[in-house]
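Chain and residue survey
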Amino acid sequence: MTSQDNQTTGPAALVTGGSQGIGAAIVARLARRGIPVINLDRTPAAAASPARWVEVDLTDVAATSAALAEITRRHDILWLVNNAGIAAPASLEETTLDDFERVVAVNLRSTILCAQAVLPAMKQAGRGRIVSISSRAALGKELRTAYSATKAGVIGLTRTWALELAPFGITVNAIGPGPIETELFRTANPHNSPRTRAIIEGVPVRRLGQPDDIAHAADFFLSDEASFVTGQVLYVCGGMTVGVAPI
């Protein structure tokens, strides 16, 4: 674990996977509101970032726990965004237990570890915001056995924690993105390729989402004005989930 030690102690936000894509957009939103941000990620931000970067592999329990202990010693984390996620696309027959456990480690286990680490400060402050990034895939998507299972699990955690933590002034919500034009998406789906065109044509608003579309939703859930909203899942998907029974 390494870190950029350039932040003072005090209340702060923690964003996992904040170096690029959706995470980087959320970091920017939080920083715009004057909130110090810690970014827990394997790699540094590709561009200049206002966040303090703490390097950690979220599949490593010991390293993750050590990083969280260091962060929570120096900061009261009152805003937590569980954004880090991996997919390991494969059919049911091709899904290996090693891949499944790796996806669970990042998408679910790290979410639990982070929430447990920040709860003492939130409870002491009598307020807190937890936002986790789920996915439209939680409602079902082919070639996503591990990913859809864990993203549905994120929704289960969100609803359960919302009930447990509401008496302490802590809200817990989730966002289910549709196809978002991140660096990883562009790598897997070249511009104007037949697959990319098919994805866009499947979105009712006829465009891909942008990282800031998700950051805008997260910014609402993280705000003081959202204190009466908890246990909810907001699908930011361009209308793709219309007519699909929500979890």
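A brief report on the enclosed structure follows. Predicted model only: the values in this text are computed from it and were never measured.

Take the overall build of the protein next. Looking only at helices and strands, the protein features 7 helices and 8 strands. Since a compact globule built from 247 residues should have a radius of gyration of about 18 Å, the 17 Å found for the protein is in line with a globular shape. Expressed along its principal axes, the backbone C-alpha trace of the protein runs to roughly 50 × 35 × 35 Å. Looking at the protein as a whole, 47% of its 247 residues are labelled buried. Long-range contacts, defined here as pairs at least 24 residues apart, represent 72% of the contacts in the protein between residues at least 6 apart. Looking at the protein as shown, the accessible area adds up to about 11700 Å², and 55% of this sits on carbon and sulfur atoms.

Close contact between helix H2 (residues 61-74) and helix H3 (residues 97-125) brings their axes to 10 Å; oriented N to C, the two are set at 25 degrees. When the interaxial angle is binned, H2 and H3 end up roughly parallel. Here H2 runs over H3; the crossing is right-handed. In contact with Val61, Thr64, Ser65, Leu68 and Thr72 of H2, H3 contributes Arg109, Leu113, Cys114 and Ala117.

In this section: the pattern of salt bridges. Scanning all chains against the criterion turns up 6 salt bridges. The salt bridge involving Arg102 is made with Asp99; its shortest N-O contact spans 3.2 Å. Here Arg102 and its partner Asp99 are both found in helix H3, 3 residues apart, which amounts to about one turn of the helix. The exposure class of Arg102 is partly exposed, given its relative accessible area of 38%. Within the structure, one salt-bridge network assembled from shared partners comprises Arg29, Arg33, Asp212 and Asp219.

Moving on, we get to the side chain of Ser148. Looking at the secondary structure, you find Ser148 in helix H4 (residues 145-165). Take Ser148: its relative accessible area is 16%, and that puts it in the buried class. The contacts of Ser148, once residues within four sequence positions are left out, are Ala137 and Ala138.

Our focus in this paragraph is the side chain of Arg136. Relative to the helices and strands, Arg136 resides in the loop between strand S6 (128-133) and H4. One buried charged residue, Arg136, remains without a salt bridge, the closest side chain of opposite sign being Glu142 at 7.2 Å. Each residue touching Arg136, except ones within four places of it in the same chain, is listed here: Lys141, Gly176, Pro177, Gly178, Pro179, Tyr235, Cys237, Met240 and Thr241.

This part covers the packing of helix H1 (residues 21-32) against helix H7 (residues 211-222). In a pair of packed helices, the angle between the axes and the distance between the axes together describe the arrangement. Here H1 crosses H7 at 45 degrees, and the two axes come no closer than 8 Å. If you check the angle between H1 and H7, you find them oblique. Taken as a pair, H1 and H7 cross one another with a handedness that is right-handed. Of the residues in H7, those in contact with Gly21, Ile22, Ala25, Ile26, Arg29 and Leu30 of H1 are Pro211, Asp212, Ile214, Ala215, His216, Ala218, Asp219 and Leu222. For the contact of H1 with H7, the class distribution of residues is 9 nonpolar, 2 polar and 3 charged.

Okay, the packing of aromatic side chains next. Summed over the entire model, instances satisfying the criterion amount to 1 aromatic pair. Residues Phe220 and Phe221 carry aromatic rings whose centres are separated by 5.6 Å and whose planes lie at 45 degrees to one another, so their mutual orientation is tilted. Taking the relative accessible area as the measure of exposure, Phe220 reaches 39% and is therefore partly exposed. On the basis of relative accessible area, Phe221 is assigned to the buried category, the value being 3%. When the ring centre of Phe168 is taken as reference, the NZ or CZ atom of Lys123 above it lies at 4.4 Å.

Conventions we followed
Here the residue numbering is sequential within each chain, running from 1 through the sequence in written order. Local features in this predicted model are restricted to residues whose pLDDT is 70 or higher, and side-chain atom pairs enter the listing and the counts only when it is 80 or higher, whereas totals over whole chains, interfaces and linings include all residues. As a rule here, side-chain values cover all heavy atoms of the structure and leave hydrogens and water aside. Strands are runs of DSSP state E lasting at least two residues, helices are runs of H or I lasting at least four, and both sets are numbered from the N terminus onward. Restricting the calculation to C-alpha atoms gives the radius of gyration, and the globule rule supplies 2.2 Å times the number of residues raised to the power 0.38. Buried, partly exposed and exposed residues are distinguished by accessible area as a fraction of the type maximum, computed with a 1.4 Å probe on protein chains only: under 20%, between the cut-offs, and over 50%, respectively. For this analysis, residues touch if any pair of their heavy atoms sits within 4.5 Å. For every accessible area listed, the method is Shrake-Rupley and the probe measures 1.4 Å; residues are considered covered only by the protein chains on display. Axes here refer to lines fitted to C-alpha atoms; in helices the fit is confined to the stretch in contact. Angles between the N-to-C directions go from 0 to 180 degrees. Oblique is the label for every angle not falling under 35 degrees (roughly parallel), over 145 degrees (roughly antiparallel), or within 65 to 115 degrees (roughly perpendicular). Note on convention: near helix rotated counterclockwise from far helix by under a right angle means a left-handed crossing. Clockwise means right-handed. When a carboxyl oxygen of Asp or Glu is within 4 Å of a side-chain nitrogen of Lys or Arg, the pair counts as a salt bridge. Under the convention used here, Asp and Glu are negative, Lys and Arg are positive, and both His and the chain ends fall outside the count. Any residue that is not Ala, Val, Leu, Ile, Met, Phe, Trp, Tyr, Cys, Pro, Asp, Glu, Lys or Arg is counted as polar, Gly included; the first ten are nonpolar and the last four charged. Whether two aromatic rings pair depends on their centres lying within 6.5 Å, for rings of Phe, Tyr and Trp, where Trp uses its six-membered ring; planes under 30 degrees apart make the pair stacked, over 60 edge-to-face, and the rest tilted. Here, a charge over a ring means that NZ of Lys or CZ of Arg falls within 6 Å of the ring centre while also lying within 35 degrees of the ring normal.

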